[in-house]
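Observations on chain architecture
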Amino acid sequence: MQPKKKIGLALGGGFLKGAAHIGVLKVLEREGFKPDIIAGTSAGSIVASLYAAGWPIKRIEKLARSLKVKDVYDTWPAVINLLAMTGDAVCDLLKLPWPGKVPLGIMKGRQLEKFLNQHIKDKEFKHLRMTLAITAVDINCGSKVIFLHKPLRAVGGPEEVYLYNIPVAKAVRASTSVPGIFEPETIEGYQLTDGGLREQVPAEVLHKLGADVILAVDVGYDGDSCTKVNGIIDLLLQTLDIIRHDSINRELTHYADLVLKPLLPNIGPLDFDRIPFAISQGEAATREMMPKIKEIFQG
């Protein structure tokens with residue numbers, strides 16, 4: 001009898017499109033496939049951490065469907081930050097000093113942090129139901145920062161940093177720090193931003209953690225070759241997607257055995273009413289690929 005394959009699941013970033021990960025997990029569980037190792041970046045780190053903590057899929061889905069703007073976005077503090085950033089930019093043009101600390105994002109991320117602490121609480125990686133990896137990026141040096149429960153036997157090169165014994169909520173807050181939107185999270189001297197800057201779908205770390213087969217879920221894909229931007233946040237996110245498009249494909253071709261790409265058109269960072277649609281699209285993409293999933297996982 002062949003030993004059971006160790007399944008790794010990589011959940012990528014994509015703001016509210018990340019709700020599609022819930023649909024993917026729903027179908028996988030229904031078909032009897034539960035990952036042994038899970039990795040998440042940005043939005044994917046939220047779903048991955050809740051799942052690794054033992055939350056049932058129905059509970060995660062209920063939470064996602066109840067999300068409101070006020071749950072994750074700062075409001076008036078964001079206006080103040082934006083005014084300060086604008087004032088600093090004008091001073092730079094006029095070669096004048098800005099009389100104060102310059103924010104490094106439109107939002108401080110206080111509401112997001114409150115949300116994460118409320119639901120992930122004080123969980124540590126070592127207390128989770130399965131192995132979890134979360135990725136972020138040190139914006140000062142460009143290093144990929146990976147949060148784990150214990151040291152790896154073989155680590156990467158100088159461009160990779162591994163951090164242990166960090167609260168899960170704090171790691172997720174770092175991974176979700178989209179540049180320009182949320183201020184970076186500082187942990188152990190590293191100024192951390194969205195893990196998607198280096199690896200939009202964290203498949204490589206699953207390989208290093210010993211996964212035999214890796215299923216990657218890319219929720220940055222919307223099925224359209226052109227996407228119209230409607231505001232500064234859309235512009236920032238679209239810019240990031242364009243920059244990292246080629247690197248995503250290279251990484252996934254090398255490390256993932258199968259890539260799911262749910263079709264997620266017209267879901268912006270404020271479209272909370274589209275979360276149910278994103279979940280259903282995750283389900284549809286997984287059902288469609290189930291014959292291939294069975295072939296890879298059971299073959």
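Up top is the structure these notes are about.
Let me begin by describing the structure that accompanies this report. (Residues numbered from 1 in each chain as written. Predicted model: local features only at pLDDT ≥ 70, side-chain atom pairs only at ≥ 80, totals over all residues. Heavy atoms only, no water.)

**Structural notes on the overall build of the chain**
If you tally the helices and strands in the chain, you get 11 helices and 11 strands. Residues counted as buried form 51% of the 299 residues belonging to the chain. A fraction of 75% describes how many contacts in the chain between residues 6 or more apart in sequence connect residues 24 or more apart. (Helix = DSSP H or I, 4+ residues; strand = E, 2+ residues; numbered from the N terminus. Buried < 20%, exposed > 50% of the residue type's maximum accessible area, 1.4 Å probe, protein only. Contact = heavy atoms within 4.5 Å.)

**Side note on the packing of aromatic side chains**
Counted according to the given criterion, the structure contains 4 aromatic pairs. Considering the side-chain rings of F15 and Y73, the 6.4 Å spacing of their centres and the 35° angle between planes classify their relative orientation as tilted. Of this pair, F15 sits in the loop between β1 (7-11) and α1 (20-30) while Y73 sits in the loop between α4 (69-72) and α5 (76-93), and the two are 58 residues apart along the sequence. The pair formed by F15 and Y73 is uniform in burial state, with each residue classed as buried. Here the aromatic rings of Y73 and F272 are separated by 5.8 Å at their centres, their planes lie at 80°, and the arrangement is edge-to-face. In this pair, Y73 is assigned in the loop between α4 and α5 and F272 in the loop between β11 (258-260) and α10 (275-288), connecting sequence segments 199 residues apart. Its relative accessible area of 10% is what places F272 among the buried residues. The residue whose ring lies beneath R59 is W55, and the NZ or CZ to ring-centre distance is 3.6 Å. Sitting over the ring of F277, R274 keeps its end group 4.3 Å from the ring centre. (Phe/Tyr/Trp six-rings, centres within 6.5 Å; stacked < 30°, edge-to-face > 60°. Lys NZ or Arg CZ within 6 Å of the ring centre and 35° of its normal.)

**Brief notes about the nonpolar core**
Ranked by size, the top nonpolar core spans 72 residues in total, and within it I38, L132 and F147 carry the most contacts. For I38, the contacting residues outside a window of four places in its chain are L9, L11, A48, Y51, A52, M130, T131, L132, A133 and L206. Core analysis: the second largest hydrophobic core is formed by 19 residues, A133, L152, A203 and L252 among them. (Core = buried A, V, L, I, M, F, W, Y, C linked by side-chain atoms within 4.5 Å.)

**Considering the packing of α1 against α10**
Packing of α1 against α10 brings their axes to within 6 Å, and their N-to-C directions diverge by 40°. Our classification of the angle between α1 and α10 gives oblique. For the pair α1 and α10, the sense of crossing is right-handed. Residues A20, I22, G23, V24, K26, V27, L28 and R30 of α1 form the contact with α10, whose own contacting residues are A278, I279, G282, E283, T286 and R287. Tallied by class, the residues present in the contact of α1 with α10 amount to 7 nonpolar, 3 polar and 4 charged. (Axes fitted to C-alpha atoms, helices over the stretch in contact; angles between N-to-C directions. Parallel < 35°, antiparallel > 145°, perpendicular 65-115°, else oblique. Left-handed = near helix turned anticlockwise from the far one by under 90°. Nonpolar A, V, L, I, M, F, W, Y, C, P; charged D, E, K, R; others polar.)

**Concerning the side chain of H21**
Structurally, the position occupied by H21 is in helix α1. Of note is the side chain of H21, whose polar atom sits 2.7 Å from the backbone oxygen of G12. Each residue touching H21, except ones within four places of it in the same chain, is listed here: L11, G12, G44, V47, V217 and V219. (Polar contact = N/O pair within 3.5 Å; in protein donor to acceptor, adjacent residues only side chain to side chain.)

**As for helix α6 (residues 110-120)**
All of the buried residues along α6 are L112, F115, L116, H119 and I120. Looking down the long axis of α6, one finds its buried residues gathered within 100° of arc, a one-sided arrangement. Pointing more than 90 degrees away from the buried face of α6 are the exposed residues R110 and K114. Buried positions along α6 lie against α2 (43-52), α3 (57-65), α4, α7 (168-175) and β7 (180-182). Directly after α6, the chain includes K121, whose backbone phi takes a positive value near 60°. (Arc of directions from axis to C-beta.)

**Considering the environment of L128**
Within the fold, L128 resides in the loop between α6 and β4 (131-138). Linking L128 and A52, residues 76 residues apart in sequence, is a C-alpha distance of 5.6 Å. Not counting the four nearest positions on each side in its chain, L128 is found in contact with A52, A53, K123 and V168.

**Notes on α7**
Helical geometry note: an α-helix holds 3.6 residues per turn, so side chains three or four residues apart project in the same direction. With 7 of its 8 residues buried, α7 lies for the most part within the structure. Among the residues of α7, those classed as buried are V168, A169, A171, V172, R173, A174 and S175.

**A short note on the environment of T176**
Along the chain, T176 turns up in the loop between α7 and β7. Under the relative-accessibility criterion, T176 is labelled buried at 6%. Measuring from C-alpha to C-alpha, the distance between T176 and G109 comes to 9.4 Å, with 67 residues separating the pair along the chain. Apart from residues no more than four positions distant in its own chain, T176 is found in contact with S42, A43, S45, I46, L112 and F182.

**Digging into the packing of α2 against α7**
Packed helices, taken two at a time, are described by the angle between their axes plus the distance between the axes. Orientation of α2 relative to α7, taken along the N-to-C sense of each, is 160°, at an axis distance of 8 Å. When the interaxial angle is binned, α2 and α7 end up roughly antiparallel. The handedness of the crossing between α2 and α7 comes out as right-handed. For the pair formed by α2 and α7, the contact residues are S45, I46 and S49 on the first element and V168, V172 and S175 on the second.

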